[in-house]
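Per-entry structural report
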Amino acid sequence: RPVPVLIVSALFFLSGVIGLMYHVNELREPATPLNESVAVHLLRLLAVVCGILLFNGVHWARWLAIAWLVYHVILSALHSMPAALIHLALLILVAILLYLPASAAYFHRSIRP
């Protein structure tokens, strides 16, 4: 696996796992609406799955990672501009890392017979 793919897959996996652990108490709190808490947990679980798929070279996982980050850029923009800019920078960095020639070759090998 190319190092950029390892970095991004680890970033998504750890982000999802840490996010799940951080938000797990929200399921027990009556102040947090259940549907909101479930949505947050599903998004964190999606990050974990995305990290695993990227690590295994699933070619469409690159698009999943980018879509996940685009969603976070939009969500962050609704809350604060600095957070949106950080997520935007992360989106650009991840897109570059996942589409470097070595990374692209790694993902394309999984779609060849």
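For the structure, check the block above.
Residues numbered from 1 in each chain as written. Predicted model: local features only at pLDDT ≥ 70, side-chain atom pairs only at ≥ 80, totals over all residues. Heavy atoms only, no water.

With that settled, consider the overall build of the protein chain. What the protein chain contains, in helices and strands, is five helices and zero strands. Each helix (α) and strand (β) of the protein chain, taken in turn from the N terminus, gives the series α-α-α-α-α. The burial tally for the protein chain puts 34% of its 113 residues in the buried class. (Helix = DSSP H or I, 4+ residues; strand = E, 2+ residues; numbered from the N terminus. Buried < 20%, exposed > 50% of the residue type's maximum accessible area, 1.4 Å probe, protein only.)

One can describe the packing of helix 1 (residues 3–23) onto helix 4 (residues 81–98) by two numbers: an axis separation of 8 Å at closest approach and a directional angle of 140°. Classified by the interaxial angle, the pair formed by helix 1 and helix 4 is oblique. As helix 1 runs across helix 4, the sense of the crossing is left-handed. Counted together, Pro-4, Val-8, Leu-11 and Phe-12 of helix 1 and Leu-90, Val-94, Leu-97 and Leu-98 of helix 4 form the full contact between these two elements. Residue composition of the contact of helix 1 with helix 4, grouped by class: eight nonpolar, no polar and no charged. (Axes fitted to C-alpha atoms, helices over the stretch in contact; angles between N-to-C directions. Parallel < 35°, antiparallel > 145°, perpendicular 65-115°, else oblique. Left-handed = near helix turned anticlockwise from the far one by under 90°. Contact = heavy atoms within 4.5 Å. Nonpolar A, V, L, I, M, F, W, Y, C, P; charged D, E, K, R; others polar.)

On to helix 4, then. Compared with an ideal rise of 1.5 Å per residue, which puts 18 residues at 26 Å, helix 4 spans 25 Å between its outermost C-alpha atoms and is within 8% of the ideal. Sitting at the amino-terminal end of helix 4 is Ser-80, which places a side-chain oxygen 3.3 Å from the backbone nitrogen of Ala-83. (Expected span 1.5 Å × (residues − 1). Polar contact = N/O pair within 3.5 Å; in protein donor to acceptor, adjacent residues only side chain to side chain.)

Before going further, it helps to examine the side chain of Ser-9. Take Ser-9: it is sitting in helix 1. Engagement of the side chain of Ser-9 in a polar contact is seen with the backbone oxygen of Leu-6, the distance being 3.1 Å.

Bringing the packing of helix 3 (residues 61–77) against helix 4 into the picture now. Look at helix 3 against helix 4: their axes get within 8 Å of each other, and the N-to-C directions meet at 170°. One way to sum up the angle between helix 3 and helix 4 is to call them roughly antiparallel. Both helix 3 and helix 4 take part in a crossing whose hand is left-handed. Residues Arg-62, Ala-65, Ile-66, Leu-69, Val-70, His-72, Val-73, Ser-76 and Ala-77 of helix 3 form the contact with helix 4, whose participating residues are Ala-83, Ala-84, His-87, Leu-88, Leu-90, Leu-91, Val-94, Ala-95 and Leu-98. Among the residues making up the contact of helix 3 with helix 4, the classes are represented as 14 nonpolar, three polar and one charged.

Its location among the elements puts His-23 in helix 1. Distance from His-23 to Arg-44, taken between C-alpha atoms, is 9.3 Å for residues 21 residues apart in sequence. Dropping the residues within four chain positions of it, His-23 is found in contact with Val-40, His-41 and Arg-44.

Interpretation note: all reported values are geometric properties and have no functional meaning in isolation.
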